[in-house]
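A closer look at the structure
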Amino acid sequence: MLDGRTILARSRVVRSAARNAWAVSWLGPGVERPRPHPSEVVHDAPHAQLRRFTSSTPTTGRPVLLVPPLAVPATCWDLRPGQSLAAYLAEGDGQQDRAARPTYVVDYGDITFADRQLGFEDFACRIVPDAVRRVSDLHGGGPVHLVGWSLGGTISLLAGSAQPELPIASITALGTPIDYGLNASARPLRWLDERLGSRVMTAPTALLGGVPAPLVQLVYRGLAPTRELKKPWFLLSNLADTETLARSEAIDQFMAAMPGYPGRLYHQMHTRLIVRRELATGTVHLGRGVVVELDRLVAPVTLVGSTTDAVASAAAVEAGTRSFPSAATMRYVEVSGFSHLGLVAGSAARHHTWPAVVAQLEAADG
């Protein structure tokens, strides 16, 4: 016979499961309302909004600028409470071993057909460098740490190479493929390009002005087919686990908000990075007279790769240790069990990848 405590506990589980079942249903309000970490806009311009995350404690150390990829909302740095690298950096831990830092993010906003002529040179030679200078000016002209995820890491590394005089304290790139020849997700594109040619491969995106947001979202979901196929069972088996459902919901909302790629930038990514592997060879030709020599980058660099990342293989990330020979220091950190998004916003990131970021910041500060 069940005692009172057991009956009460089971009734709570049943009530929680019932509430969550309604929340995740088509008509439901969702498991958790968005709770972004507070931030304030310090500069606003098209595709170049600069925000500072507020902190409840005094901040110390050199400032950090978070650089998102293209075709991804800037919320990747602040997915939800407990999955926010921005909050982790801006709030610290109240102890001397991890103090709160001034933390900023550059937000590109929506990408539309009107932005089809935006290329890597716009982001790596203008938007991000301007953001670096603005943050530096707000902190007495001192150097700024760059932390980029995926193509955000690519943009950061290109910016530091194209303009080595920028006040950059360090660059940390999470899940940033350098040698696309070692990246399994790029092999189908390379195989097709060898047979059809780059002109044919980029003709549809040229016509559309880029890669539309719905297609970006579809491709990203397609890179994790198991998650999509098992999702109904996952929701059903976790109906009583509100935290797990909230994490899954945050990822779905994040993917639903993905913008598209500008046409020019996608063409550059396909021809220069994926097919010709120019990041691996050391010289990137961006057009409009912009040629970036990677051996000009002098800032300290840390690369973080995951052996279970379906978008950026660990080998493709590690290849970057040979592409920047003039970097003050070069460090590669390898983890396992993390997806591409999980590197920056996974529930276990605070125990693995985030400390690696902080270690780089502290080493460069020293």
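Preceding this section is the structure that the text describes.
Reading guide: rules and limits
Residues numbered from 1 in each chain as written. Predicted model: local features only at pLDDT ≥ 70, side-chain atom pairs only at ≥ 80, totals over all residues. Heavy atoms only, no water. Helix = DSSP H or I, 4+ residues; strand = E, 2+ residues; numbered from the N terminus. Buried < 20%, exposed > 50% of the residue type's maximum accessible area, 1.4 Å probe, protein only. Contact = heavy atoms within 4.5 Å. Areas by Shrake-Rupley, 256 points an atom, 1.4 Å probe, with all protein chains shown as cover. Polar contact = N/O pair within 3.5 Å; in protein donor to acceptor, adjacent residues only side chain to side chain. Core = buried A, V, L, I, M, F, W, Y, C linked by side-chain atoms within 4.5 Å. Patch = residues over 30% accessible without salt bridge, like charges linked within 9 Å, V, L, I, M, F, W, Y side chains within 5 Å. Salt bridge = Lys/Arg side-chain N within 4 Å of Asp/Glu carboxyl O. Axes fitted to C-alpha atoms, helices over the stretch in contact; angles between N-to-C directions. Parallel < 35°, antiparallel > 145°, perpendicular 65-115°, else oblique. Nonpolar A, V, L, I, M, F, W, Y, C, P; charged D, E, K, R; others polar. Arc of directions from axis to C-beta.

A short note on the overall build of the protein
- Scanning the protein for helices and strands turns up 14 helices and 12 strands.
- Buried residues in the protein amount to 51% of all 366 residues.
- Taking the intrachain contacts of the protein between residues at least 6 apart in sequence as the baseline, contacts between residues at least 24 apart amount to 76%.
- About 16600 Å² of surface is accessible on the protein, with carbon and sulfur atoms providing 57% of the total.

Considering the side chain of serine 84
- Mapping serine 84 onto the fold places it in the loop between strand 3 (64–67) and helix 2 (85–91).
- Engagement of the side chain of serine 84 in a polar contact is seen with the side chain of aspartate 78, the distance being 2.7 Å.
- Among residues more than four places away in sequence, those in contact with serine 84 are Trp77, Asp78, Leu79 and Trp354.

With respect to the nonpolar core
- Counting residues in each nonpolar core, the largest one holds 90 residues, and the members touching the most others are Leu65, Trp77 and Tyr261.
- With eight residues, the single largest contributor to this core is helix 3 (residues 120–138).
- Not counting residues up to four positions away in its chain, the partners in contact with tyrosine 261 are Leu70, Ala71, Ile111, Leu151, Gly209, Gly210, Val211, Val216, Tyr266 and Met269.

Remarks on a nonpolar patch on the surface
- Taken together, Trp191, Leu192, Leu196 and Val200 make up a surface patch of nonpolar side chains, about 380 Å² in accessible area.
- The element best represented in the nonpolar patch is helix 5 (residues 187–196), accounting for three residues.
- Positionally, leucine 192 belongs in helix 5.

A few points about the packing of helix 3 against helix 10 (residues 263–275)
- Closest axis-to-axis distance for the helix 3/helix 10 pair is 8 Å, and the angle between their directions is 100°. Taken together, the axis directions place helix 3 and helix 10 in an arrangement best described as roughly perpendicular. Along its contact with helix 3, which presents Phe120, Glu121 and Phe123, the element helix 10 presents Arg264, Leu265, Gln268, Met269 and Leu273.
- Residue composition of the contact of helix 3 with helix 10, grouped by class: five nonpolar, one polar and two charged.

Thoughts on helix 6 (residues 198–208)
- For helix 6, the full list of buried residues reads Ser198, Met201, Thr202 and Thr205. The buried residues of helix 6 all sit within an arc of 80° when viewed along its axis, so they share a single face. For helix 6, the exposed residues set more than 90 degrees away from the buried face come down to Arg199 and Leu207.
- Against helix 5, strand 7 (210–211) and helix 10 lie the buried residues of helix 6.

Some details on the environment of proline 204
- Structurally, proline 204 can be placed in helix 6.
- Exposure remark for proline 204: the relative accessible area of 46% places this residue in the partly exposed category.
- For the pair proline 204 and glycine 263, spaced 59 residues apart in the sequence, the C-alpha separation amounts to 9.5 Å.

Examining the environment of threonine 321
- With respect to the element layout, threonine 321 can be found in the loop between helix 12 (314–318) and strand 12 (330–335).
- When the C-alpha positions of threonine 321 and tyrosine 332 are compared, they lie 7.0 Å apart, and in sequence the two are 11 residues distant.
- Here threonine 321 is in contact with Leu303, Met330 and Tyr332, once residues within four sequence places are set aside.
- Side-chain polar atoms of threonine 321 contact the backbone oxygen of glutamate 318, separated by 2.8 Å.

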